[in-house]
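Listed here are the chains, written in short residue letters.
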Amino acid sequence: MRDLRISVTDRCNFRCVYCMPREVFDAGHEFLPHSAILSFEEIARLAGVFVGLGVRKIRLTGGEPLVRKQLHRLVAMLSGLPAEITLTTNGSLLARQARALKEAGLDRVTVSLDSLDEATFQAMNDADFPVAKVIEGIEAAATEGLGPVKINMVVKRGMNERDIIAMAERWRGTRHIIRFIEYMDVGSTNGWRMDDVVPSAEVIQRIHAIWPLEPVDPNYAGEVAERWRYLDGAGEIGVISSVTQAFCSSCNRMRLSTEGSLYTCLFAQSGHDLKSLLRGGASDDEIRNEIAAVWQGRADRYSEIRTSQTSSLKKVEMSYIGG
Ligand code: SAM
């Protein structure tokens, strides 16, 4: 267990079609009430227990983590732990929060951006949000020392695959690292089809044809993104291939949902309630034993057994479990 993702909110100001489609997450959708979600104090206490069990990297996510008020306060509470503290964001609120996050002790950010083409990006975020604002967030983060910024692009066939080259070109020669993510069947609302997946091998092949690439060794065992570097020295890119090249066997990741349930897989159908333990007065030792038992008992390998049938299972939504 090395990597913990903490979802700090199930809410988001985007309605990305592959994650929180507007027809499902509409005005009638019930998000978690405030009383149900873990407080910063509860998150910090659990994070301390996880670090005691070996976690060395904590990623705050959601939903959109920066819509949770005063997120920098949580970062400050976590920053004393011997773990790297990172954040994944859609970038919309990053420019105005980057400094406070850095001062609170945030180490790095990953920003999602699916296209540089205005019409395509807005069709994907379904919230009329402009590309320029996200780029402003990326630049602000870099200026504040939250880099190298990783930029996540989910590639969906027929939607933004024509933007692969433009995205590679935009971030070549900068210190930022673009990562191309295969479109996944997370949750059960995005209408996923295998035909919509653009395999990472195809992404690499398209870029390599213009700017030759070579593979790079992983930074550490269990790294999810496969690294490639430009032969001309213009930096590196990454691909995340959870559909075509499952990495379940090296997974060292746990996920804590917004309301304090623990998940051992992004594609899980149920979690393990830690909030009741927390709020029921359990000691840190009791919580530690529970987490260890869940970790040792895990048998998840969803990405290795995925078929078009399994994709319709009632999996937990990514915005709830934390992307
Ligand atoms: N709101 C933040 C953001 O946009 O980065 C954090 C949460 S979001 C769920 C985390 C990451 O998951 C984003 O990079 C997003 O593009 C990615 N993601 C969401 N749904 C996905 C899907 N169906 N397939 C692949 N990646 C997905």
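Our structure's up above, just so we're on the same page.
Keep in mind the model is a prediction, meaning the values are calculated, not measured.

K.L.:
Looking at this model, I keep getting lost on the sheet that holds strand S6 (residues 177–182). Mind explaining?
P.N.:
Adjacent strands of a sheet pair through backbone hydrogen bonds, lying either parallel or antiparallel. With mixed pairing, 12 strands are arranged side by side in an open sheet as S7-S8-S9-S6-S5-S4-S3-S2-S1-S10-S11-S12. Bordering the open sheet on either side are strand S7 (213–216) and strand S12 (272–273), each of which pairs with just one other strand. Two strands pair when backbone bridges link them, and strand S3 (residues 84–89) and strand S4 (residues 108–112) are joined in this way by four bridges, in the parallel orientation. Bridge pairing links Thr-86 to Arg-108 in S4. Contacts from helix H9 (residues 284–296) reach strand S10 (253–256), strand S11 (261–263) and S12 within the one sheet, and its direction differs from that of S10 by about 125 degrees.

K.L.:
Any chance you could explain the environment of Phe-40 here in plain terms?
P.N.:
Along the polypeptide, Phe-40 turns up in helix H1 (residues 40–52). Judged by its relative accessible area of 5%, Phe-40 is buried. Note: C-alpha distance between Phe-40 and Met-77 (37 residues apart in sequence) is 8.0 Å. Apart from the residues within four sequence positions on either side, Phe-40 is in contact with Arg-68, Lys-69, Gln-70, Leu-71, Arg-73, Leu-74 and Met-77.

K.L.:
Quick question: what am I supposed to make of the site of the ligand here?
P.N.:
Near the ligand lie 20 residues; those nearest to it are Tyr-18, Gly-63, Glu-64, Ser-112 and Met-184. Within the backbone of Tyr-18, a nitrogen or oxygen atom sits 3.1 Å from a nitrogen atom of the ligand. Contacts to the ligand include Met-184, whose backbone N or O atom sits 2.9 Å from a nitrogen atom. Considering the ligand on its own, with 550 Å² of exposed area, one finds that the protein chains cover 94% of that surface. When contributions to the shell around the ligand are tallied by element, the ones reaching two or more residues are S3, strand S5 (150–155) and S6. Considering only residue class, the shell around the ligand consists of eight nonpolar, 10 polar and two charged.

K.L.:
Honestly, the pairing of S6 in this entry has me stumped. Any pointers?
P.N.:
Within a regular beta strand, the side chains point alternately toward one face of the sheet and then the other, so they alternate between its two faces. Within S6, six of the six residues are buried, which leaves the element mostly enclosed by the surrounding structure. For S5 and S6, the ladder comprises six bridges, and the chain directions are parallel. Within S6, the position partnered with Met-153 by the bridge is Phe-180. Where S6 lies against strand S9 (residues 236–240), four bridges are found, and the strand directions are parallel. Bridge pairing in S9 places Arg-179 opposite Gly-238.

K.L.:
Looking at this structure, how should I read the pattern of salt bridges?
P.N.:
Pairing is possible between side chains of opposite charge, provided their charged atoms come close. Counted under the stated rule, the structure contains 21 salt bridges. The closest approach of N and O atoms between Glu-41 and Arg-73, which form a salt bridge, is 3.5 Å. Note that Glu-41 is positioned in helix H1 and Arg-73 in helix H2 (residues 71–78), a separation of 32 residues in sequence. Since its relative accessible area comes to 46%, Glu-41 is described here as partly exposed. Classification of Arg-73 by relative accessible area gives partly exposed; the value is 37%. Note that Glu-202 is salt-bridged to Arg-157, the shortest N-O span being 2.9 Å. Here Glu-202, found in helix H7 (residues 200–208), pairs with Arg-157, found in the loop between S5 and helix H6 (164–171); they are 45 residues apart in sequence, far enough to count as distant.

K.L.:
Looking at this structure, I do not really get the state of the cysteines. What am I missing?
P.N.:
Note on terminology: a disulfide is the covalent bond linking the sulfur atoms of two cysteines. Considering all chains together, one arrives at zero disulfides under this definition. Not part of a disulfide, Cys-248 finds its nearest cysteine sulfur in Cys-265, a span of 6.4 Å.

K.L.:
How should I be thinking about the packing of aromatic side chains in this particular structure?
P.N.:
The geometry of two aromatic rings is summed up by the distance between their centres and the angle between their planes. Overall, the coordinates contain five aromatic pairs when judged by the stated rule. Taking the centre distance of 6.4 Å and the plane angle of 75 degrees together, the rings of Phe-14 and Phe-121 count as edge-to-face. In this pair, Phe-14 sits in the loop between strand S1 (3–7) and H1 while Phe-121 sits in helix H4 (residues 118–125), placing the two residues 107 residues apart along the sequence. According to the relative accessible area criterion, Phe-121 is buried, its value standing at 2%. Residues Phe-14 and Phe-129 carry aromatic rings whose centres are separated by 5.1 Å and whose planes lie at 45 degrees to one another, so their mutual orientation is tilted. Remark: Phe-129 occurs in the loop between H4 and helix H5 (131–143) and Phe-14 occurs in the loop between S1 and H1; sequence separation between them is 115 residues. Taking the relative accessible area as the measure of exposure, Phe-14 reaches 3% and is therefore buried. An aromatic cluster is built from Phe-14, Phe-121 and Phe-129, whose rings are joined through pairwise contacts.

Rules behind the numbers
Residues numbered from 1 in each chain as written. Predicted model: local features only at pLDDT ≥ 70, side-chain atom pairs only at ≥ 80, totals over all residues. Heavy atoms only, no water. Pairing = 2+ DSSP bridges. Helix = DSSP H or I, 4+ residues; strand = E, 2+ residues; numbered from the N terminus. Contact = heavy atoms within 4.5 Å. Axes fitted to C-alpha atoms, helices over the stretch in contact; angles between N-to-C directions. Buried < 20%, exposed > 50% of the residue type's maximum accessible area, 1.4 Å probe, protein only. Near = heavy atom within 4 Å. Polar contact = N/O pair within 3.5 Å; in protein donor to acceptor, adjacent residues only side chain to side chain. Areas by Shrake-Rupley, 256 points an atom, 1.4 Å probe, with all protein chains shown as cover. Nonpolar A, V, L, I, M, F, W, Y, C, P; charged D, E, K, R; others polar. Salt bridge = Lys/Arg side-chain N within 4 Å of Asp/Glu carboxyl O. Disulfide = S-S within 2.5 Å. Phe/Tyr/Trp six-rings, centres within 6.5 Å; stacked < 30°, edge-to-face > 60°.

By themselves these figures say nothing about function.
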